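The lines below spell out each chain.
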Amino acid sequence: MNQSKRVEILSRLRASNPHPTTELNFSSPFELLIAVLLSAQATDVSVNKATAKLYPIANTPAAMLALGVDGVKEHIKTIGLFNSKAENVIKTCRILLEQHGGEVPEDRAALEALPGVGRKTANVVLNTAFGWPTIAVDTHIFRVSNRTRFAPGKNVEEVEAKLLKVVPKEFKVDCHHWLILHGRYTCVARKPRCGACLIEDLCEFPDKTEI
Ligand code: SF4
């Protein structure tokens, strides 16, 4: 795909949603970090339901530690993998208190050192809590980048590197959310909704649908 098409795609996505953000509910970097940690292999809706009850009781590392693993489990038991997630939440809170003064570090290596936090989660936190121009490649972004040929790659690392190279600076902070939302609602996994797609004429997917 050539660069002028990419710019046109990003311009259209921006015009349709000028201020995109995550669908996870949060009101601090700590709440976002925990919500992203809980969201692995779970829907944002299910995470929001759980955190709506959890955060009024515990939205700091100290308060979360006071709940303990069992207390956290009780609040997140409707979310997949809740046992290991509760353990990771508690371990993460302990590290935040012991090593970062109870704050979420604005630092990639420090974030990736937290239990249950990989590159994708660190990218989401750096981007969404701190406004870094990072692009967290999840399953939606991977699919959209490859289908459209916007930033094709064999694995998430390749797609991330390509996106960071080809996305112009003015679009970088929000690109991650535009591509996720496009993949979640239009360029869906099984049958993309090409007939309702606002970048259909620019997309290079050879098997477009009419729906
Ligand atoms: S035209 Fe179809 S395949 Fe291309 S981005 Fe839109 S929904 Fe996805």
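Residues numbered from 1 in each chain as written. Predicted model: local features only at pLDDT ≥ 70, side-chain atom pairs only at ≥ 80, totals over all residues. Heavy atoms only, no water.

## Remarks on the overall build of the protein
Scanning the protein for helices and strands turns up ten helices and zero strands. Moving toward the C terminus, one meets the helices and strands of the protein in the order α-α-α-α-α-α-α-α-α-α. Dimensions of the protein, computed from C-alpha atoms along their principal axes, come out at roughly 55 × 30 × 30 Å. Taken over 211 residues, the protein has a buried fraction of 47%. A separation threshold of at least 6 residues defines the contact pool for the protein, and within that pool the share at least 24 residues apart is 58%. Accessible surface for the protein amounts to roughly 10,300 Å². Of this, 53% is attributable to carbon and sulfur atoms. For the protein, the distance from the average site of its 27 positive side-chain charges to the average site of its 23 negative ones is 5 Å. (Helix = DSSP H or I, 4+ residues; strand = E, 2+ residues; numbered from the N terminus. Buried < 20%, exposed > 50% of the residue type's maximum accessible area, 1.4 Å probe, protein only. Contact = heavy atoms within 4.5 Å. Areas by Shrake-Rupley, 256 points an atom, 1.4 Å probe, with all protein chains shown as cover. Lys, Arg positive; Asp, Glu negative; His and termini not counted. Charge placed at Lys NZ, Arg CZ, Asp CG, Glu CD.)

## A look at the environment of Ala86
Following the sequence through the fold, Ala86 ends up in helix 5 (residues 82–100). For Ala86, a relative accessible area of 0% puts it in the buried group. Once the C-alpha coordinates of Ala86 and Pro105 are considered, the two residues, 19 residues apart in sequence, prove to be 20 Å apart. If sequence neighbours within four positions are ignored, Ala86 has contacts with Val69, Val72, Lys73 and Ile76.

## Side note on the site of the ligand
Every residue close to the ligand is listed here: Arg147, Thr148, His182, Cys187, Pro192, Arg193, Cys194, Cys197, Ile199, Glu200, Cys203 and Phe205. In a pocket analysis with a 2 Å cut-off to the grid points, the ligand is assigned to the largest cavity. The residue inventory of the shell around the ligand, partitioned by class, reads seven nonpolar, two polar and three charged. (Near = heavy atom within 4 Å. 1 Å grid on protein atoms, 1.4 Å probe; cavity = no way out; pocket = protein on both sides within 12 Å on 5 of 7 lines; lining within 4 Å. Sits in = over half its atoms within 2 Å of the grid points. Nonpolar A, V, L, I, M, F, W, Y, C, P; charged D, E, K, R; others polar.)

## Details of the side chain of Thr121
By the element assignment, Thr121 lies in helix 7 (residues 119–128). Ignoring any residue separated from it by four or fewer positions in sequence, one finds Thr121 in contact with Leu33, Val36 and Gly116.

## Thoughts on the pattern of salt bridges
Charged atoms that come close allow side chains of opposite charge to pair. What the rule picks out here adds up to ten salt bridges. Across the pair Arg12 and Asp201 runs a salt bridge, and its minimum N-O distance is 2.7 Å. Here Arg12, found in helix 1 (residues 3–16), pairs with Asp201, found in the segment after helix 10 (169–185); they are 189 residues apart in sequence, far enough to count as distant. Judged by relative accessible area, which is 51%, Asp201 ranks as exposed. Put simply, Arg108 and Glu112 hold a salt bridge, and the shortest N to O gap is 3.5 Å. In this pair, Arg108 and Glu112 both sit in helix 6 (residues 108–112), four residues apart, roughly one turn of the helix. Taking the relative accessible area as the measure of exposure, Arg108 reaches 23% and is therefore partly exposed. Taking relative accessible area as the criterion, Glu112 reaches 32% and is therefore assigned partly exposed. (Salt bridge = Lys/Arg side-chain N within 4 Å of Asp/Glu carboxyl O.)

## Considerations on helix 1
A rise of 1.5 Å per residue sets the reference length of helix 1, with its 14 residues, at 20 Å; its end C-alpha atoms lie 20 Å apart and thus fit the reference within 8%. Within the sequence span of helix 1, burial applies to Arg6, Ile9, Leu10 and Leu13. Axial view of helix 1: buried residues confined to an arc of 90 degrees, hence all on one face. Seen from the buried face of helix 1, the exposed residues on the opposite side, beyond 90 degrees, are Ser4 and Ala15. Next to the buried residues of helix 1 lie helix 9 (156–166) and helix 10. (Expected span 1.5 Å × (residues − 1). Arc of directions from axis to C-beta.)

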